[in-house]
Amino acid sequence: MNSNDQHELFQQFPQLKEVANQHTVLWENTNWLAKPTTSLFSLQEVEEAQETLLRFSSYLKVTFPELMKSDGLIESSIKSIPAMKQALEEVFGVTIPGQLLVKCDHALPISGSIKARGGVYEVLKHAERLALASGKLKEEDNYAVLATEEWQTFFQQYTIAVGSTGNLGLSIGIMGKKLGFNVVVHMSSDAKEWKKAMLREKGATVIEYQADYSVAVEQGRQEAVQDPMCHFIDDENSKDLFAGYAVAAKRLKDQLEEADIAVDKAHPLFVYLPCGVGGGPGGVAYGLRELFGEHVHIFFAEPVASPCMTIGLMTGLHDAISVEDIGLNNKTEADGLAVGRASKFVGKVMEHYISGCYTVTDQELFTSLSLAMEREGLFLEPSAHAGMFGASRLWQKGQSYLEKHSLVNHMDQATHLVWATGGSMVPSAMRTAYLAKR
Ligand SMILES: *Cc1c(COP(=O)(O)O)cnc(C)c1O
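Residues numbered from 1 in each chain as written. Predicted model: local features only at pLDDT ≥ 70, side-chain atom pairs only at ≥ 80, totals over all residues. Heavy atoms only, no water.

Test applied: UniProt positions are given in the numbering used here, feature names are shortened, and annotations may be inferred rather than shown by experiment.
Under an unreviewed UniProt entry, the protein has the name Probable D-serine dehydratase and belongs to Lysinibacillus macroides. Recorded under Catalytic activity (unreviewed entry), the UniProt text for the protein is reproduced unchanged: "D-serine = pyruvate + NH4(+)". According to UniProt, the comment filed for the protein under the heading Sequence similarities (unreviewed entry) is "Belongs to the serine/threonine dehydratase family. DsdA subfamily."

Okay, here's the thing in structure tokens:
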């Protein structure tokens, strides 16, 4: 993008200038619709994902004993965090009306991040497709049979490749290697050493780049194209990933009902999702809007140096604008969110679905990381803390949104759900280092 284009964009979108200056902003989506629809994706794909995951539950129970107690379902709990709410109010001098909950995807089985939804699903779907096509497996079979050596040998003929900042690679690697696939993970420079080491230990091939996520994805895509036995998991475009993430919505609805938490006009639900390329938060947002309609208000959270979804939606340019185009360097300690260019597919779908986006500083993430540990005994990786600032940003900078949607009088009955996207696999030395950064 040349400086003329940049200048014009800043004129047209004054808030973009604030984003370029790394101010923390709340961008309100004026294209939000009460009943959004999209031609790019259908609910049927989510239902298929649900069914596929169910067929694999017997296999997952055998291969990941931690899944015994959930009968093979990969799910996390919701938890109230009143002490964290109080700490945020004290330390940041903000008000958070309503209750603060956390969705514990940091504790998801298999890979300890939200990627255990989308990433695991796409690997399973691919494995099922190959197995069914071989004629040796039928949909009615007990999939536990896939844990046998015979099937491992079968999957060894095939390769799965992926580009990642860390957690997606980890999920694909763990699940893919368990089945017997060759796995090649193209890692961006942000990826943490321990994630690469763990993958290599599981037998995956890790290729490192001294470049950011977009480059790692592109390299992976190109290498995979040349190999007919290789399936590339395309984080920038994959509808399977999106469908896997979207399955979370129905499960959350059941959990809220079980906890007697109403979601309706008088009890609005606000959900804050850390956003990288957009697939994870996008899938969840899609599912939630389908189920809760206008009573759920969804905000994506991004680091001030990597606000790709914020600027893509704000300008309507989606993947045609990168954070570098407005002078940002895409350098953040929130490695899961270090993405400079958003998914075009997800950005397009989200146009009418989400309420807005906001940005956070790395320092805020580390302060929150310490507070959550101290007050709630809750450890989340830095990326996952981006969601903690949603309720306060909204209250401080989003009064016009609350007024426009007649929410002001209902805020005391509001539920704020912070989507905790990762953290349970972070090694203890790394935790200590993070905790020291407050
Ligand atoms: C991947 C990831 C996200 C965001 O998901 P995207 O699909 O990249 O938008 C958020 N938090 C953590 C910890 C992640 O690993």
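What follows picks up the thread again.
## What to know about the environment of Thr165
Defined as follows: Elements are defined by DSSP. Helices are runs of H or I of four residues or more, strands are runs of E of two residues or more, and each kind is numbered from the N terminus. Contacts between residues were defined by any pair of non-hydrogen atoms, one from each residue, lying within 4.5 Å. Whenever two N or O atoms come within 3.5 Å, that pair is a polar contact, provided that in protein one can donate a hydrogen and the other can accept it, and provided that, for residues adjacent in sequence, both atoms are side-chain atoms.
Here Thr165 lies in the loop between β4 (159–164) and α8 (167–179). With 132 residues separating them along the chain, Thr165 and His297 place their C-alpha atoms 28 Å apart. When near neighbours in sequence (up to four residues on either side) are disregarded, Thr165 contacts Met187, Ser188, Asp190, Ala191, Tyr213, Asp335, Gly336, Ala338 and Val339. Of note is the side chain of Thr165, whose polar atom sits 3.2 Å from the backbone oxygen of Asp335.

## Focus: the packing of aromatic side chains
Which entries qualify depends on this criterion: Aromatic contacts are taken between Phe, Tyr and Trp rings whose centres are within 6.5 Å, Trp giving its six-membered ring; a plane angle under 30 degrees counts as stacked, one over 60 as edge-to-face, and the others as tilted. Each ring is checked for a lysine NZ or an arginine CZ that lies within 6 Å of its centre and within 35 degrees of its normal; such an atom marks a charge sitting over the ring.
As enumerated under the stated definition, the model contains 18 aromatic pairs in all. Here Phe41 and Tyr286 contribute two aromatic rings whose centre-to-centre distance is 5.0 Å and whose plane-to-plane angle is 85°, an arrangement assigned as edge-to-face. On the criterion of sequence distance, the pair formed by Phe41 in the loop between β1 (26–28) and α3 (43–55) and Tyr286 in helix α13 (residues 279–292) is long-range, its members being 245 residues apart. Here the guanidinium or amino end of Lys136 rests over the ring plane of Trp151, the centre of that ring lying 5.7 Å away.

## Details of helix α6 (residues 115–133)
Filter applied, for reference: Every helix has an expected span of 1.5 Å times one less than the residues it contains. Relative accessibility under 20% of the residue-type maximum defines a buried residue, over 50% an exposed one, and the middle range a partly exposed one, all with a 1.4 Å probe and only protein chains included.
Look at α6: 26 Å from first C-alpha to last across 19 residues, which is about the 27 Å you get at 1.5 Å a residue. The element α6 is largely enclosed, with a buried count of 15 among its 19 residues. Positioned one or two residues after α6, Gly135 has a phi angle of 80°, which is positive.

## Quick notes on the pattern of salt bridges
It is possible for side chains bearing opposite charge to pair when their charged atoms get close. Rules: Salt bridge, as used here: a side-chain nitrogen of Lys or Arg that lies within 4 Å of a carboxyl oxygen of Asp or Glu.
In total, this model carries 27 salt bridges according to the counting rule given. Salt-bridge contacts for Arg55 lead to Glu128; the nearest nitrogen and oxygen are separated by 2.6 Å. Note that Arg55 is positioned in helix α3 and Glu128 in helix α6, a separation of 73 residues in sequence. For Glu128, a relative accessible area of 5% gives the class buried. Each of Glu75, Lys103, Asp105, Arg117 and Arg251 takes part in salt bridges that share partners, so that together they form one network.

## Let's talk about the UniProt feature "modified residue: N6-(pyridoxal phosphate)lysine" (unreviewed entry) in the protein
Per the UniProt entry, the sites bearing "modified residue: N6-(pyridoxal phosphate)lysine" (unreviewed entry) are Lys115 in this numbering. Taking relative accessible area as the criterion, Lys115 reaches 17% and is therefore assigned buried. Excluding residues within four positions of it along the chain, Lys115 makes contact with Val120, Asn167, Leu168, Ser171 and Tyr245.

## A few points about empty space enclosed by the protein
Note the threshold: Here a cavity means grid points, on a 1 Å grid over the protein atoms only, where a 1.4 Å probe fits yet cannot get out; a pocket means an open set of points with protein on both sides within 12 Å along at least five of seven lines; lining residues are those with an atom within 4 Å of a point. Grid points are joined across faces, edges and corners, and a volume is the space filled by probe spheres set on the points. Gly is put with the polar residues, along with every residue not named as nonpolar or charged; the nonpolar set is Ala, Val, Leu, Ile, Met, Phe, Trp, Tyr, Cys and Pro, and the charged set is Asp, Glu, Lys and Arg. Residue ranges assigned to the domains are those given by an automatic or database domain assignment.
Summed over the entire model, instances satisfying the criterion amount to three cavities of 30 Å³ or more. For the largest cavity, the calculated volume is near 270 Å³. Taken together, 25 residues make up the lining of the largest cavity; nearest its centre are Ile114, Lys115, Gly276, Gly336 and Leu337. Element by element, the count of residues in the lining of the largest cavity is highest for α13, at three residues. For the lining of the largest cavity, the residue count by class is 10 nonpolar, 12 polar and three charged. Split by domain, the residues of the lining of the largest cavity number at least three in each of domain 1 (3–41 + 70–111 + 246–435) and domain 2 (113–241). Together, Leu53, Leu60, Gly72, Ile74, Ala116, Arg117, Gly244, Val247 and Arg251 line the second largest cavity. Taken together, the residues of the lining of the second largest cavity break down into five nonpolar, two polar and two charged.

## Thoughts on the pairing of strand β7 (residues 230–233)
Put simply, the rule reads: Only strands joined by at least two bridges in the DSSP assignment are considered to pair.
Burial along β7 is two-sided: the residues Cys230 and Phe232 and His231 and Ile233 are all buried. One ladder, built from four bridges, connects β4 with β7; its direction is parallel. Counterpart to Thr159 in the pairing with β7 is Cys230.

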